[in-house]
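Summary of structural features
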Amino acid sequence: EHGEALYRRGIYTFIKLTVPPPSMMIFDGSNRDQCEVRRVKTNTPLQALVMMNDPTVMEASRVFAERLAAEKKTGEESVRKAFRTIACRTPRTDELKTLLAYYESQRQRLLKQKNGLSEARKILDAGEFPHHSGGNALEAAALMRVIALIYNMEETISKS
């Protein structure tokens, strides 16, 4: 969908009993022909691929990253806030260290490129939600990659 219908809730999605949406199948959605008290949980490489490439996840990562970049905080403050917001807990020291190293590697990669700003804009070209102005595109692109990584953590995909 586009325009006004773009962000309609998925609960209103038309589902054919014989052909359920592929992403629901990948994330163990019920088959709708019987009542299920407890859903089966699996962890497959397909779930990681969906989380790394799905336009909805990429757009959510971009929007959050642009908002954080506009706050003009340090990289560490932004990564901490992103982790706290998504995972609902404070990152452990080792997690924070890993995420900051990844953030810095993405940032440095873009800074070292001759066309780093245009590359950052390509990364940020995800989804139709209006872009948040006022932030640094390089910072936002690096943060977007980190946020997508946090979204892809097992604890943020499924809760026990």
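Our subject is the structure that appears above.
The notes below deal with the structure included here. All of these numbers come straight from a predicted model, not from anything done at the bench.

1. Examining the side chain of Gln47
- Locating Gln47 in the fold gives a position in helix α2 (residues 45-53).
- Assessed through its relative accessible area of 6%, Gln47 is described here as buried.
- Within polar-contact distance, the side chain of Gln47 engages the backbone oxygen of Ile26 at 2.9 Å.
- The residues contacting Gln47, other than those within four sequence positions of it, are Ile26, Phe27, Asp28 and Thr42.

2. Description of the pattern of salt bridges
- Counted by the stated rule, this structure contains ten salt bridges.
- Measuring nitrogen to oxygen at the nearest pair gives 3.0 Å for the salt bridge that ties Glu66 to Arg62. Here Arg62 and Glu66 lie together in helix α3 (residues 55-70), a separation of four residues that amounts to about one turn. Each member of the pair Glu66 and Arg62 is classed as buried.
- Ionic pairing is found between Glu155 and Arg89, a salt bridge with its closest N-O pair at 2.8 Å. Of this pair, Glu155 sits in helix α8 (residues 154-157) while Arg89 sits in the loop between α4 (75-87) and α5 (93-112), and the two are 66 residues apart along the sequence.
- Residue classification places Glu155 among the partly exposed positions, given a relative accessible area of 34%.
- Through salt bridges with shared partners, a single ionic network connects Arg89, Arg92, Asp94, Glu95 and Glu155.

3. Notes on the packing of α5 against helix α7 (residues 137-151)
- Following both chains from N to C, one finds α5 and α7 inclined at 145°, their axes separated by 9 Å at the closest point. Every pair of crossing elements has a handedness; the one defined by α5 and α7 is right-handed. Of the residues in α7, those in contact with Leu99, Tyr102, Tyr103, Gln106, Arg107, Arg109, Leu110 and Leu111 of α5 are Leu138, Glu139, Ala141, Ala142, Leu143, Arg145, Val146, Leu149 and Ile150.
- Here the residues of the contact of α5 with α7 are counted per class, giving twelve nonpolar, one polar and four charged.

The rules behind these values
Residues numbered from 1 in each chain as written. Predicted model: local features only at pLDDT ≥ 70, side-chain atom pairs only at ≥ 80, totals over all residues. Heavy atoms only, no water. Helix = DSSP H or I, 4+ residues; strand = E, 2+ residues; numbered from the N terminus. Buried < 20%, exposed > 50% of the residue type's maximum accessible area, 1.4 Å probe, protein only. Polar contact = N/O pair within 3.5 Å; in protein donor to acceptor, adjacent residues only side chain to side chain. Contact = heavy atoms within 4.5 Å. Salt bridge = Lys/Arg side-chain N within 4 Å of Asp/Glu carboxyl O. Axes fitted to C-alpha atoms, helices over the stretch in contact; angles between N-to-C directions. Left-handed = near helix turned anticlockwise from the far one by under 90°. Nonpolar A, V, L, I, M, F, W, Y, C, P; charged D, E, K, R; others polar.

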